[in-house]
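Remarks on the overall topology
Here's the letter readout for the chains.
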Amino acid sequence: MAFLEKMGWRYWLTGLIMGIVLPALATLLNISTVMRFGGLLLVINGGVAIAVGRLVALKARPMWLLLVLPALYLLGAYGFLPAYTRYFALVYLCVSYLAYGLTATTQTTQSESKN
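Residues numbered from 1 in each chain as written. Predicted model: local features only at pLDDT ≥ 70, side-chain atom pairs only at ≥ 80, totals over all residues. Heavy atoms only, no water.

The protein chain goes by Integral membrane protein in an unreviewed UniProt entry, where it is assigned to Levilactobacillus zymae.

This is the structure:
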C-alpha cells in the first residue's frame, strides 16, 4: 500500500475517470457536442484540474502528479473526442499548474505572516 500512496493512486484514478472514462461515456451516450464541450471539457474537467493543482500543493505531493490528468485526458481525446479537443490537455496542465502555484504562494505568505 505504501507504493500506491507514493505513486499517488488517487490522482491516477481521477485522471483515468475524468480523462478516459468520462469522454468515452459522453460519446457512447451521444451527448450533444455543445454539452460535451461546455459541460464536460470546460466546467467539469477544468474544475478537476484546479482541484488537482490545489491538492498537490496543499499535501506537498510531487509536481509530476500535475501531468497525470492532462496525459490521460490526451489519450481519451485521441480515442473518443474530436481533434480540436486535444488542445485541452495543455489547458488542463496550465490551469492545474496555476492553481498549484497560487496555492503554494498563499501557503508561503500565510506561514511567513505567522512568524
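On we go from here.
Concerning the domain arrangement of the protein chain
Which entries qualify depends on this criterion: Each domain's limits were defined by an automated method or a database of domain assignments. Whether two residues touch is decided by their heavy atoms; if any such pair falls within 4.5 Å, the residues are in contact. As used here, buried area is the combined drop in accessible area, with a 1.4 Å probe, of two parts when they are placed together. We count a salt bridge whenever a side-chain nitrogen from Lys or Arg sits within 4 Å of a carboxyl oxygen from Asp or Glu. Under the rule applied, a polar contact is a pair of N or O atoms within 3.5 Å (in protein, one hydrogen donor and one hydrogen acceptor; residues adjacent in sequence only if both atoms are side-chain atoms). Runs of E in the DSSP output that reach at least two residues are strands. Runs of H or I that reach at least four are helices, and both are numbered from the N terminus. Ten residue types, Ala, Val, Leu, Ile, Met, Phe, Trp, Tyr, Cys and Pro, are classed as nonpolar, four, Asp, Glu, Lys and Arg, as charged, and the remainder, Gly among them, as polar.
Segmentation of the protein chain into domains returns domain 1 (9-81) and domain 2 (86-114). Taking only C-alpha atoms into account, the centre of domain 1 sits 17 Å from that of domain 2. In this assembly, 20 residues from domain 1 lie in contact with 13 residues from domain 2. Summed over both partners, the interface of domain 1 with domain 2 buries about 1,600 Å², with 76% contributed by carbon and sulfur atoms. Counting across the interface, domain 1 meets domain 2 through 0 salt bridges. At the boundary of domain 1 and domain 2, one finds 2 residue pairs in polar contact (both at pLDDT 80 or more). Broken down by secondary-structure element, the contributors of at least two residues to the side of domain 1 that touches domain 2 are α3 (33-58) and α4 (68-80). No other element matches the 12 residues that α3 contributes to the side of domain 1 that touches domain 2. Its residues assigned to classes, the side of domain 1 that touches domain 2 comprises 16 nonpolar, 3 polar and 1 charged.

Observations concerning the environment of G19
Rules: The rule is simple: take the accessible area with a 1.4 Å probe, protein chains only, and divide by the maximum for that residue type; under 20% is buried, over 50% is exposed, in between is partly exposed.
With respect to the element layout, G19 can be found in helix α2 (residues 9-28). The exposure class assigned to G19 is buried, which follows from its relative accessible area of 0%. Separated by 52 residues in sequence, G19 and A71 have C-alpha atoms that sit 8.1 Å apart. Those residues in contact with G19 that lie beyond four places of it in its chain are T14, L69, L72, Y73 and G76.

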